[in-house]
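# Structure assessment
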Protein chains: 6
Amino acid sequence: MAANQSMLVVSAHSADFVWRAGGAIALHKKNGYRVKVVCLSFGERGESAKLWRKGEMTIEKVKTARREEAERAADVLGAEVEFFDLGDYPLRVSDEALLRLVDVYRDVQPAFVLSHSLKDPYNFDHPLAMHVAQEARIIAQAEGHNPGQKIVGAPPVYAFEPHQTEQCEWMPNTFLDITEVWDAKRRAIECMAGQEHLWEYYTRVALQRGVQAKRNIGITAARNIEYAEAYQRITPAVVGDLS
Amino acid sequence: MAANQSMLVVSAHSADFVWRAGGAIALHKKNGYRVKVVCLSFGERGESAKLWRKGEMTIEKVKTARREEAERAADVLGAEVEFFDLGDYPLRVSDEALLRLVDVYRDVQPAFVLSHSLKDPYNFDHPLAMHVAQEARIIAQAEGHNPGQKIVGAPPVYAFEPHQTEQCEWMPNTFLDITEVWDAKRRAIECMAGQEHLWEYYTRVALQRGVQAKRNIGITAARNIEYAEAYQRITPAVVGDLS
Amino acid sequence: MAANQSMLVVSAHSADFVWRAGGAIALHKKNGYRVKVVCLSFGERGESAKLWRKGEMTIEKVKTARREEAERAADVLGAEVEFFDLGDYPLRVSDEALLRLVDVYRDVQPAFVLSHSLKDPYNFDHPLAMHVAQEARIIAQAEGHNPGQKIVGAPPVYAFEPHQTEQCEWMPNTFLDITEVWDAKRRAIECMAGQEHLWEYYTRVALQRGVQAKRNIGITAARNIEYAEAYQRITPAVVGDLS
Amino acid sequence: MAANQSMLVVSAHSADFVWRAGGAIALHKKNGYRVKVVCLSFGERGESAKLWRKGEMTIEKVKTARREEAERAADVLGAEVEFFDLGDYPLRVSDEALLRLVDVYRDVQPAFVLSHSLKDPYNFDHPLAMHVAQEARIIAQAEGHNPGQKIVGAPPVYAFEPHQTEQCEWMPNTFLDITEVWDAKRRAIECMAGQEHLWEYYTRVALQRGVQAKRNIGITAARNIEYAEAYQRITPAVVGDLS
Amino acid sequence: MAANQSMLVVSAHSADFVWRAGGAIALHKKNGYRVKVVCLSFGERGESAKLWRKGEMTIEKVKTARREEAERAADVLGAEVEFFDLGDYPLRVSDEALLRLVDVYRDVQPAFVLSHSLKDPYNFDHPLAMHVAQEARIIAQAEGHNPGQKIVGAPPVYAFEPHQTEQCEWMPNTFLDITEVWDAKRRAIECMAGQEHLWEYYTRVALQRGVQAKRNIGITAARNIEYAEAYQRITPAVVGDLS
Amino acid sequence: MAANQSMLVVSAHSADFVWRAGGAIALHKKNGYRVKVVCLSFGERGESAKLWRKGEMTIEKVKTARREEAERAADVLGAEVEFFDLGDYPLRVSDEALLRLVDVYRDVQPAFVLSHSLKDPYNFDHPLAMHVAQEARIIAQAEGHNPGQKIVGAPPVYAFEPHQTEQCEWMPNTFLDITEVWDAKRRAIECMAGQEHLWEYYTRVALQRGVQAKRNIGITAARNIEYAEAYQRITPAVVGDLS
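Residues numbered from 1 in each chain as written. Chains lettered and ligands numbered in written order. Predicted model: local features only at pLDDT ≥ 70, side-chain atom pairs only at ≥ 80, totals over all residues. Heavy atoms only, no water.

Going by what an unreviewed UniProt entry lists, chain A is known as 4-oxalomesaconate hydratase and is assigned to Trinickia caryophylli.

### Focus on the interface of chain C and chain E
Note the threshold: We call two residues in contact whenever any of their non-hydrogen atoms come within 4.5 Å of each other. When two parts are put together, the accessible area they lose, computed with a 1.4 Å probe and summed over both, is reported as buried area. Salt bridges, as used here, are contacts in which a Lys or Arg side-chain nitrogen is within 4 Å of a carboxyl oxygen on Asp or Glu. Per the convention used, a helix needs a DSSP run of H or I reaching at least four residues, while a strand needs a run of E reaching at least two, with both numbered from the N terminus. Note that Gly is not counted as nonpolar here; it falls among the polar residues with everything else outside the nonpolar set of Ala, Val, Leu, Ile, Met, Phe, Trp, Tyr, Cys and Pro and the charged set of Asp, Glu, Lys and Arg. In this scheme, strands are said to pair when DSSP sees at least two bridges between them.
Across the contact, 39 residues belong to chain C and 39 residues belong to chain E. On the chain C side of the interface with chain E, the three residues burying the most area are C:Pro236, C:Val238 and C:Leu242, jointly 25% of the side's total. Taken together, the links from chain C to chain E amount to zero salt bridges. Mapped by element, the contributors of at least two residues to the side of chain C that touches chain E are α1 (16–30), β4 (112–115), β6 (174–177), α7 (199–217) and β8 (237–239) of chain C. Looking at the side of chain C that touches chain E, its residues break down into 23 nonpolar, 11 polar and five charged. Bridge count between β6(C) and strand β8 (residues 237–239) of chain E: three bridges; the pairing is parallel. Pairing of C:Thr174 across the sheet is with E:Ala237, part of β8(E).

### Structural notes on the interface of chain A and chain B
Basically, it comes down to this: Polar contact criterion, stated in full: a pair of N or O atoms within 3.5 Å, where within protein one must be able to donate a hydrogen and the other to accept it, and residues adjacent in sequence count only if both atoms are side-chain atoms.
Facing 39 residues of chain A, the contacting portion of chain B comprises 39 residues. Each partner contributes to the roughly 2,900 Å² buried at the junction of chain A and chain B, and carbon and sulfur atoms together form 60% of this total. A per-residue breakdown of the area chain A buries against chain B is headed by A:Pro236, A:Val238 and A:Leu242, which together make up 25% of the total. Our count for the contact surface shared by chain A and chain B stands at zero salt bridges. The tally of links from chain A across to chain B stands at 16 residue pairs in polar contact (both at pLDDT 80 or more). For the side of chain A that touches chain B, the secondary structure elements donating two or more residues are α1 (16–30), β4 (112–115), β6 (174–177), α7 (199–217) and β8 (237–239) of chain A.

### Thoughts on the arrangement of the chains
The smallest C-alpha distance separating chain A from chain C is 18 Å, and no contact links them. There is no contact between chain D and chain E; across them, the least C-alpha separation is 18 Å.

### As for the relation of the copies chain C and chain E
Which entries qualify depends on this criterion: Alignment of the copies relies on least squares applied to C-alpha atoms, considering only residues that score at least 70 for pLDDT in both.
The transformation that overlays chain C on chain E combines an axial shift of 0.0 Å with a rotation of 180 degrees, and the residual RMSD is 0.0 Å. Such values leave the two copies arranged in the relation of a two-fold axis. Among all residues of chain C, the one whose C-alpha sits closest to the rotation axis is C:Asn173, at a distance of 5.1 Å. Here 100% of the contact residues of chain C are again contact residues in chain E; the copies associate through an equivalent surface.

### Side note on unusual backbone geometry
This is how the line gets drawn: Categorising residues by exposure relies on relative accessible area from a 1.4 Å probe, with only protein chains included: less than 20% of the type maximum marks a residue as buried, more than 50% marks it as exposed, and the intermediate range marks it as partly exposed.
With an omega of 10 degrees, the peptide bond between A:Tyr89 and A:Pro90 qualifies as cis. By the secondary structure assignment, A:Pro90 is in the loop between β3 (80–83) and α4 (95–108). Look at B:Gln109: it is not a glycine, yet its phi comes out positive at around 50 degrees. For B:Gln109, a relative accessible area of 24% gives the class partly exposed.

### Some thoughts on the environment of C:Tyr202
All names here are of chain C. In this structure, Tyr 202 sits in helix α7. Spatially, the C-alpha atoms of Tyr 202 and Arg 186 are 9.0 Å apart, while their sequence positions differ by 16 residues. Leaving out residues up to four positions away in the same chain, Tyr 202 has contacts with Trp 19, Arg 20, His 163, Trp 182 and Ile 189.

### Let's talk about empty space enclosed by the protein
The cut-off we apply is this: The method works on a 1 Å grid over the protein atoms by themselves. A cavity is a set of points holding a 1.4 Å probe that cannot get out, a pocket is an open set with protein on both sides within 12 Å along at least five of seven lines, and residues with an atom within 4 Å of a point line them. Grid points are joined across faces, edges and corners, and a volume is the space filled by probe spheres set on the points.
When its volume is computed, the largest cavity comes out at roughly 400 Å³. Considering the residues around the largest cavity, the lining is formed by 30 residues, among which C:Glu161, C:Val205, C:Gln208, C:Arg209 and F:Glu166 are closest to the centre. Looking at the lining of the largest cavity, the elements with two or more residues in it are α1, α7 and β7 (228–233) of chain C together with α7 (199–217) of chain F. With seven residues, α7(C) is the largest single contributor of residues to the lining of the largest cavity. Its residues placed into classes, the lining of the largest cavity shows 12 nonpolar, nine polar and nine charged.

### Points about the pattern of salt bridges
Residue and element names in this part refer to chain A. Scanning the entire structure with this criterion turns up 123 salt bridges over all chains. With a shortest N-O distance of 2.9 Å, Glu 80 and Arg 34 are connected by a salt bridge. A residue pair is termed long-range when its members are at least 10 positions apart, and Glu 80 in strand β3 and Arg 34 in strand β2 (residues 34–39) qualify at 46 residues. Residue class for Glu 80 comes out partly exposed when judged on its relative accessible area of 36%.

### Quick word on the side chain of F:Gln134
Checked against the element boundaries, F:Gln134 lands in helix α5 (residues 125–140). A relative accessible area of 10% means that F:Gln134 is categorised as buried. Setting aside anything within four residues of it in sequence, one finds F:Gln134 in contact with A:Phe124, F:Leu118 and F:Ile234.

### Notes on the nonpolar core
Put simply, the test is: To qualify as a nonpolar core, a set must consist of buried Ala, Val, Leu, Ile, Met, Phe, Trp, Tyr and Cys residues joined through side-chain atoms within 4.5 Å.
Of all hydrophobic cores here, the largest spans 48 residues; its most connected members are A:Phe17, A:Ile25, A:Leu114, A:Tyr231 and B:Leu242. By residue number, the principal contributor to this core is α1(A), which donates eight residues. Beyond its immediate sequence surroundings of up to four residues, A:Leu114 is in contact with A:Met7, A:Leu8, A:Val9, A:Val10, A:Ala21, A:Ala24, A:Tyr158, A:Phe160, A:Tyr231 and B:Leu242.

### Here's the deal with the pairing of strand β1 (residues 6–11) of chain F
Residue and element names in this part refer to chain F. Counting buried positions over the six residues of β1 gives six, a clear majority of the element. Here β1 shows a buried face lined by Ser 6, Leu 8 and Val 10 and a second buried face lined by Met 7, Val 9 and Ser 11. Inspection of the sheet shows β1 paired to strand β4 (residues 112–115) by three bridges, in the parallel sense. When the bridges of β4 are listed, Val 9 appears paired with Leu 114.

### Thoughts on the packing of aromatic side chains
For the record, the criterion: Within 6.5 Å between ring centres, the rings of Phe, Tyr and Trp (the latter by its six-membered ring) count as paired, and their orientation is classed by plane angle as stacked under 30 degrees, edge-to-face over 60, tilted in between. Working rule: Lys NZ or Arg CZ, within 6 Å of ring centre, within 35 degrees of ring normal, means a charge sits over the ring.
In total, this model carries 42 aromatic pairs over all chains according to the counting rule given. Plain terms: the ring middles of A:Tyr158 and A:Tyr231 are 6.1 Å apart, the flat faces sit at 75 degrees to each other, and that makes the pair edge-to-face. Here A:Tyr158, found in strand β5 (residues 157–160), pairs with A:Tyr231, found in strand β7 (residues 228–233); they are 73 residues apart in sequence, far enough to count as distant. As far as burial versus exposure is concerned, A:Tyr158 and A:Tyr231 are alike and both buried. Each ring, one from F:Trp182 and one from F:Tyr227, has its centre 4.4 Å from the other, and the planes form 5 degrees; the classification is stacked. Here F:Tyr227 lies in the loop between α7 and β7 (228–233) and F:Trp182 lies in helix α6 (residues 182–189), a separation of 45 residues in the sequence. According to the relative accessible area criterion, F:Tyr227 is buried, its value standing at 14%. Each residue in the set A:Tyr33, A:Phe112, A:Tyr158 and A:Tyr231 is aromatic and connected to the rest through ring pairs, giving one cluster. Note that F:Arg100 overlies the ring of F:Phe84, its terminal NZ or CZ placed 3.9 Å from the centroid.

### Focus: the relation of the copies chain A and chain B
With an RMSD of 0.0 Å, the fit of chain A onto chain B corresponds to turning through 180 degrees and sliding 0.0 Å along the axis. Most of the interface of chain A is mirrored in chain B, where 100% of its interface residues are also at the interface.

### Comments concerning the packing of helix α6 (residues 182–189) of chain E against helix α7 (residues 199–217) of chain E
The description of two helices packed together rests on the angle between their axes and the distance between the axes. Residue and element names in this part refer to chain E. Heads up, the condition is: Note on definitions: angles span 0 to 180 degrees between N-to-C directions of axes, and those axes are lines fitted to C-alpha atoms, for helices only across the stretch in contact. Oblique is the label for any angle not covered by the other classes, which are roughly parallel (under 35 degrees), roughly antiparallel (over 145) and roughly perpendicular (65 to 115). It is the rotation of the near helix from the far one that decides the hand of a crossing: anticlockwise by less than a right angle makes it left-handed, clockwise makes it right-handed.
Where α6 contacts α7, the axes come no closer than 10 Å and their chain directions differ by 155 degrees. In terms of axis orientation, α6 runs roughly antiparallel to α7. Handedness of the crossing formed by α6 with α7: right-handed. Contact residues: α6 offers Trp 182, Arg 186 and Ile 189, while α7 offers Trp 199, Glu 200, Tyr 202, Thr 203 and Ala 206.

### Details of the confidence of the model for chain A
Here is the rule we go by: Confidence per residue, as judged by the predictor, is encoded in pLDDT with a range of 0 to 100.
Overall, the prediction assigns chain A a mean pLDDT of 96, with 99% of residues at 70 or greater. What the predictor reports for the complex is a pTM of 0.97 with an ipTM of 0.95.

### Some remarks on the sheet that holds β7(C)
Spatially, eight strands are ordered β3(C)-β2(C)-β1(C)-β4(C)-β5(C)-β7(C)-β6(C)-β8(E) in an open sheet, and the strand pairing comes out mixed. Because the sheet does not close on itself, it has two edges, and the strands there are β3 (80–83) of chain C together with β8 of chain E. Each strand axis lies, on average, 25 degrees off the axis of its neighbour in the sheet, ignoring direction. Contacts from α7(C) reach β6 and β7 of chain C together with β8 of chain E within the one sheet, and its direction differs from that of β7(C) by about 70 degrees.

### Some details on helix α1 (residues 16–30) of chain F
Residues and elements named next belong to chain F. Rules: Any helix carries an expected span of 1.5 Å times its number of residues minus one. Here the bend at a residue is taken as the angle between two axes, fitted respectively to the seven residues that end there and the seven that start there.
Along its 15 residues, α1 runs 20 Å from first to last C-alpha, staying within 8% of the 21 Å computed at 1.5 Å per residue. Of all the bends found along α1, the most pronounced is centred on Gly 22 and spans about 70 degrees. Burial within α1 is extensive, with 13 of its 15 residues counted as buried. Once α1 finishes, Gly 32 follows within two positions and takes phi at roughly 100 degrees, a positive value.

This is the structure:
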């Protein structure tokens with residue numbers, strides 16, 4: 001279904017792509033996609049509490065540890081990962097970094113893009129990552145940006161699931177069945193040694209979304225769904241059949 | 001893609017299904033679907049101005065004329081049409097009529113359902129039709145309603161395009177390419193002799209949605225789209241691939 | 001500016017038109033409009049607490065007292081008032097009552113219509129009154145309803161100010177300067193002997209809206225505004241100049 | 001904290017109060033509240049699939065089974081339960097039933113009220129129950145309804161958690177720590193023999209809300225929270241301190 | 001009605017003011033307004049695809065071509081146009097540029113202001129232009145900014161029509177009848193040689209808005225409207241009459 | 001109730017904390033809180049019209065006058081006030097200023113935080129202040145920011161009342177009874193010599209909110225409320241009792 005296709009994930013911190021899109025990554029990789037992940041920061045200040053509680057810690061040590069965890073998880077899922085190392089809490093994205101992301105778009109030519117929710121009152125780095133993912137996509141479509149390069153088409157954009165969904169005004173309109181790759185996602189999750197308290201939390205998220213996905217195809221449907229990821233598609237679909 | 005599948009359209013007045021979903025009907029019919037249209041009323045009071053301006057008119061004569069137009073259009077599109085004759089301006093739906101629609105659901109077992117927008121400040125019959133389409137779907141899913149009948153699954157529900165979209169808070173998230181069946185839709189539109197002023201209006205709607213659909217797949221995409229219909233899908237999709 | 005024009009107010013209870021639209025009534029009356037007020041109920045159960053606390057009270061006595069207050073206020077403002085006496089808490093509007101309101105529309109041919117906010121979690125009679133005001137307007141536009149009568153055009157609909165505006169999701173987009181008729185509105189307010197605790201409350205509302213109206217034309221504008229009423233226009237304006 | 005206080009739960013179907021508010025019931029009961037639950041229907045048609053799949057079933061048998069389950073659960077939680085038996089799928093609430101609920105309000109004089117979300121595209125019985133809960137509250141406040149009875153004050157209204165929260169546009173703004181009564185809630189859940197597939201689902205809901213509640217008081221707070229229920233308070237709070 | 005009045009248009013790219021506000025410009029010019037247009041960029045990267053596809057193109061050549069087209073269109077419409085040349089895809093507005101726009105406000109003293117929609121997921125330059133138009137307006141109102149200059153009043157702000165209106169959450173609440181100046185708008189549109197594919201698109205937009213405007217004044221109204229532009233007024237109106 | 005507790009107010013201009021949160025400050029101070037106010041600017045350009053109209057004025061003189069007024073008001077209310085002097089119209093907040101605010105959070109360890117509404121189309125400095133108040137709070141929670149310092153918990157965030165509430169999409173969900181400290185708030189208001197036109201305006205605001213607060217506890221409640229402030233709590237509450 002996907003020969004020669006690719007997908008792009010824009011992750012604010014180095015672990016976000018695992019909790020929130022690990023199933024999509026593993027599943028599409030399995031189906032032949034090239035998967036590219038961009039981590040804008042390592043989450044070194046705001047999402048590494050356990051590491052900081054160890055003695056003798058420095059920013060560089062935390063970043064190194066976070067990078068290693070992310071690389072191990074990416075390996076498990078089958079993704080290439082690139083770190084922009086822009087800093088977190090607060091994440092700040094210069095125009096130079098934005099154009100670097102445009103270059104990624106032009107190189108990867110993604111069939112679709114995953115990033116964070118449009119709002120997140122608990123974490124301003126997250127919606128900024130999504131904003132940048134969208135702005136880079138728009139620039140990558142412009143013929144007058146680096147003329148001569150191949151422009152990108154109109155890859156659909158999805159917001160993956162934030163932590164407290166309702167507070168983020170995030171609305172799942174797309175469920176992805178990840179049952180067949182759940183084991184890989186769980187193994188990737190377990191690479192995040194510094195956030196072990198979240199392993200069971202995100203396992204339960206996958207189970208709940210699985211139940212809801214099943215309900216949305218009808219309890220009488222043949223397909224069994226145990227684990228799912230939920231997404232908010234924010235660009236319209238163009239289809240040839242409505243079923 | 002659709003052998004033995006069927007679709008259901010719930011239309012407040014007898015012409016709505018033509019302007020708003022004629023392309024979807026013709027396209028899915030061509031692809032092998034059974035198409036069932038339920039017209040809750042004939043639109044005899046509120047949408048038959050031209051007929052009333054003729055002399056010697058009665059409600060029964062208007063209903064007869066509207067029925068004939070709708071049947072001709074349904075023939076062109078390939079749909080079966082059933083008239084509930086519940087009256088319009090205002091439309092009122094008794095529980096008896098609601099359960100009749102449940103029976104249709106159980107009989108048709110639709111793969112998806114099309115009806116009006118959730119709000120329409122210009123026409124209260126329209127959102128009522130959608131409300132009833134949803135409520136009947138829910139009842140048709142209940143094992144305890146007429147036990148022994150085959151319950152329906154969870155067919156996606158779409159709101160087709162209302163007249164003044166923004167006032168109706170209607171948000172198109174799905175574009176259907178109807179280029180290959182446009183001629184049939186136009187012929188069906190021309191069956192509506194009493195509303196000739198709308199022929200060009202809805203032709204322009206289809207052209208505008210075609211341009212937008214094209215933009216949403218990217219201007220570099222191979223597929224050419226000239227005419228489209230836009231829909232608001234109001235139930236989540238469950239998918240195995242995000243592209 | 002308004003010779004031969006008329007306006008219509010649809011009031012859930014017999015005092016609402018005074019607190020919420022008294023300035024608009026007095027101002028347009030002064031400018032030559034015919035003003036028609038329909039009170040769907042007397043507010044006899046839910047808005048007559050002071051009367052009920054008197055001894056020996058009955059529903060009929062309360063209704064009589066409320067009618068007299070409303071008639072005195074209407075006289076002060078220059079309005080004709082018609083009571084539908086449909087009951088309150090809960091207000092219920094039969095199709096017969098709806099069609100009676102359609103007859104009022106056809107008779108009055110209003111240039112614009114005022115009613116309650118679209119939502120009100122504190123009082124379900126209010127949004128029902130607005131719903132009915134809108135539905136009757138739509139039916140009054142239909143050529144097939146009582147053919148031969150003169151249909152109504154597309155009179156703008158405004159929601160007047162509810163009690164707790166933000167809870168009602170009511171958004172004022174139109175301020176009406178009522179400075180020149182404030183005295184009449186205050187006298188009409190004082191006809192409501194049973195709700196004396198609200199006199200100062202609604203005087204302050206008028207002062208606050210006056211300050212806001214002044215701010216919205218610019219503090220350097222020549223026009224002085226001391227008292228205003230705020231409205232949410234819910235139908236689009238069609239204009240020939242944007243200033 | 002609550003001597004002589006009471007609370008009211010308005011449940012569309014006979015099991016809703018258990019899944020969605022069982023913790024609140026057990027906790028407040030433990031703290032001295034009288035707890036009253038009104039079940040508008042038994043959920044006999046739409047939420048009893050497992051029972052219907054048994055042979056030889058009738059509506060009356062299903063209702064009896066559902067009543068017994070609900071009564072056992074209510075016993076475990078410490079609630080009085082009253083069944084209005086209005087039917088489900090669709091639930092319809094006559095004015096007579098509405099006024100019966102007003103009588104309950106006047107009798108119970110609740111300190112707060114729990115019911116369903118304001119919207120639920122998957123189940124129209126749910127928002128109707130909330131609508132009725134609000135409307136009965138408003139009527140119970142009216143001095144002119146059954147004059148002489150003690151009117152109710154302004155009890156806060158909360159929407160408990162629906163099944164697919166985001167689709168229901170439900171926003172949790174209040175988390176209730178139910179850790180100390182979790183065992184009772186789980187036992188009440190297990191009374192619902194006909195819906196065993198939901199036991200683990202709602203256990204996971206309680207765990208997720210527990211994690212979120214903990215996050216919302218700060219991870220450094222002394223209080224440990226393992227299980228929580230989430231609510232959307234839809235009426236404003238009046239307080240003497242903001243912390 | 002408009003002697004000595006002026007209007008201001010803030011356009012992100014050099015063609016936006018033509019497609020989206022050309023009718024308003026021509027109409028108000030005809031009625032005696034001074035019309036000032038500020039183009040923040042030339043749209044040289046993102047909206048000049050056809051130019052870039054020619055051989056031997058450079059940014060400067062594209063900008064020159066875009067400037068000439070815009071100037072020709074402004075001449076046809078009767079507008080003065082000023083180019084800020086801030087770059088596009090992405091547009092970035094420094095505080096220096098913001099204050100230059102404040103100077104324009106103070107000089108022009110506009111009776112009203114037109115700019116882009118508040119949101120546009122397809123084009124982030126557009127909402128930025130509107131943001132800057134609003135922020136400059138606020139600063140131009142401040143007595144402490146360049147004390148001694150004449151401050152501006154409170155000119156209404158309108159968002160003109162974006163490309164995919166519903167995706168932009170743009171709500172038209174004001175229709176402007178441009179029938180009498182349509183020919184000028186069409187001639188201005190035809191100055192945009194590089195975007196010929198949009199000529200018919202925006203002609204159809206004007207026809208559709210004309211039909212809707214007509215409907216919003218009532219089909220029985222004497223005034224005929226063939227072409228219209230739609231606007232979202234985002235500041236409240238202060239009026240002396242509600243019809 | 002509040003020994004050793006503190007609260008933080010983030011005010012865009014030097015008078016905002018008085019009009020909008022003066023009651024909360026006085027009340028909590030009276031109850032033992034330490035109160036810290038941060039004024040991001042003096043409002044020297046945009047909110048000092050009266051001062052500028054005096055002859056011989058300079059920015060520094062205006063700032064000095066505004067500082068003195070704010071300090072006098074803070075004294076009356078019992079608050080410590082710190083001025084960041086970042087400029088207004090437009091306010092701009094560098095990362096350096098943001099981190100200075102983070103230091104304040106770490107020092108004050110507030111039990112709750114008050115700032116402006118999330119939107120304000122009349123004043124972009126206001127939502128920026130709230131944005132910064134939230135972002136600083138998030139950074140102050142991060143263990144990796146200045147490791148070794150005591151991080152803050154999850155203090156609730158409230159938006160105080162903006163000028164035109166509905167235009168700001170601000171929804172009051174919390175009323176604070178300030179009757180017992182009203183005299184202090186009025187005295188603090190009267191320190192604002194340059195904005196005397198607002199004294200009565202904000203007195204009326206307090207009276208209106210008092211009436212509404214009373215209504216929201218029920219007219220039969222024992223507690224009398226004459227003056228209140230309204231707040232929008234934007235973070236969820238975690239409670240042990242729902243009444």
